[in-house]
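# Breakdown of the fold
Each chain, written out:
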Amino acid sequence: QMLSLLTLSRKHQEDLQRRGLTPEQIAVQRYRSVPLFGIRKLVEKLADKGCVLKGVPGFYLRDGAWTFAGNGGYLIPIYNKDGYIQGMQIRSDRAEGGMKYRWFSSNPAKGFTLGTKAQTWVHVTGDSQSKVACVTEGGLKGDVASYFMGDALFVCVPGVNSLRFLPETLNSLPLKKVVGAYDMDKLENPQVRDAFFQVEKIARQNGLRFEPLEWDARFKGIDDFLYARYLYSTGQAQKIPSITS
């Protein structure tokens, strides 16, 4: 309901298209800009629609009225295998403290009255009936990679060490094999490499074959590499240097 009341700014639309997504794909995923103004009115509309805001991450009570946390970025819906939104992340316009992605959350421990903390949900995108799933970090990255691999199934943890819901998610899918598609810094970053080994361990413990995936290390993420390959194959190689994670 909230997403239906929000729009996507031109700036954020251009950012998503720069990553290789088409306007149609952007519309399907329902990315939306976090509003800078009119939040109270928007929340009132949700209440008028009968939405219960208490217990929903991101919403909290301020000065006796419901509102929500977060600004300066766009919302990335985090879906489960059945297409239900479990939560949302915000891709921040300004990466404070090096954090580009934050949960849409209102943790009461951080002073949000009657707020609710977000969990580290795992995003599922692509063909949920596939027997093979690629595991990578980040919902947006998985969305882009899935499109360039013809709706391939991607299971996306929110961070390299955020594996709490990974076993449950893998077991909910009809899988036979997991392909590990963590960023290429796994080759030189011990922390990422250790987290990658944990993904392999979880897959094997759940009876699944595991296959590590590597690509041209000039491109950190699987999404960057696949978009670069697409640009090269369509005679647009001059656009490749503009790609960033």
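Presented here is a report on the structure given in the accompanying data block. Since we're looking at a predicted model, the values are computed, not measured.

## Side note on the nonpolar core
For soluble globular proteins, nonpolar side chains are generally found buried alongside one another. Residues Val155, Leu166, Leu170, Leu175, Val178 and Tyr182 are the most contacted members of the largest nonpolar core, which totals 24 residues. Only strand S8 (132-137), strand S9 (154-157), helix H6 (166-171) and helix H7 (190-205) provide two or more residues apiece to this core. No other element matches H7, which puts six residues into this core. With residues up to four places along the chain from it excluded, the contact list for Val178 reads Ala133, Val135, Leu170, Ala203, Leu208, Arg209, Phe210 and Glu211.

## Looking at the environment of Val192
Topologically, Val192 is positioned in helix H7. Owing to a relative accessible area of 7%, Val192 belongs among the buried residues under this scheme. Not counting residues within four places of it along the chain, the set of residues in contact with Val192 comprises Val160, Tyr182, Asp185 and Lys186.

## Quick word on the pattern of salt bridges
Inspection of the entire model under this criterion finds 10 salt bridges. With its nearest N and O atoms 4.0 Å apart, the salt bridge here joins Lys220 to Asp185. Highlighted residues: Lys220 in the loop between strand S11 (209-212) and helix H8 (222-233) and Asp185 in the loop between strand S10 (177-180) and H7, separated in sequence by 35 residues. Note that Arg204 is salt-bridged to Glu200, the shortest N-O span being 3.1 Å. Placement of both Arg204 and Glu200 in helix H7 is noted, with a separation of four residues, approximately one turn of the helix. Classification of Arg204 as partly exposed rests on a relative accessible area of 45%. Shared partners join several salt bridges into a network, and the residues in it are Asp15, Arg18 and Arg19.

## Description of H8
Here H8 contains 12 residues, and its C-alpha end-to-end distance of 16 Å stays within 8% of the 16 Å for a straight helix at 1.5 Å per residue. When we look at burial in H8, the residues that qualify are Ile222, Asp223, Asp224, Leu226, Tyr227, Ala228 and Leu231. Gly235 sits one or two residues past H8 and shows a positive phi near 70 degrees.

## Description of the sheet that holds S10
Taken together, five strands build an open sheet; the order of strands is S7-S9-S8-S10-S11 and the sheet is mixed. A strand with exactly one partner marks an edge of an open sheet, and here the two such strands are strand S7 (123-125) and S11. Each adjacent strand pair in this sheet contributes to an overall mean axis angle of 25 degrees, direction not counted.

## Structural notes on the environment of Thr116
You can see Thr116 is positioned in the loop between strand S6 (101-103) and S7. Separated by 24 residues in sequence, Thr116 and Leu140 have C-alpha atoms that sit 23 Å apart. A distance of 3.5 Å separates a polar side-chain atom of Thr116 from the backbone nitrogen of Gly55.

## Structural notes on the pairing of strand S5 (residues 85-92)
The buried fraction of S5 amounts to six of the eight residues, a majority that puts the element mostly inside the structure. The pairing of strand S4 (residues 73-79) with S5 spans seven bridges and is classified as antiparallel. When the bridges of S5 are listed, Ile78 appears paired with Gly87. Between the antiparallel neighbours S4 and S5 lie five residues, among them Gly83 with a positive phi of about 85 degrees. Examined bridge by bridge, S5 and S6 share three bridges and lie antiparallel to one another. Each bridged residue has a counterpart across the sheet, and for Gln89 the counterpart in S6 is Trp103.

## Let's talk about the pairing of S11
With four bridges connecting them, S10 and S11 associate as parallel partners. Note on S11: the bridge partner recorded for Lys177 is Arg209. Handedness of the crossover joining S10 and S11 through H7 is recorded here as right-handed.

Conventions adopted
- Residues numbered from 1 in each chain as written.
- Predicted model: local features only at pLDDT ≥ 70, side-chain atom pairs only at ≥ 80, totals over all residues.
- Heavy atoms only, no water.
- Core = buried A, V, L, I, M, F, W, Y, C linked by side-chain atoms within 4.5 Å.
- Buried < 20%, exposed > 50% of the residue type's maximum accessible area, 1.4 Å probe, protein only.
- Helix = DSSP H or I, 4+ residues; strand = E, 2+ residues; numbered from the N terminus.
- Contact = heavy atoms within 4.5 Å.
- Salt bridge = Lys/Arg side-chain N within 4 Å of Asp/Glu carboxyl O.
- Expected span 1.5 Å × (residues − 1).
- Pairing = 2+ DSSP bridges.
- Axes fitted to C-alpha atoms, helices over the stretch in contact; angles between N-to-C directions.
- Polar contact = N/O pair within 3.5 Å; in protein donor to acceptor, adjacent residues only side chain to side chain.
- Right-handed = clockwise from strand over helix to strand, strands pointing away.

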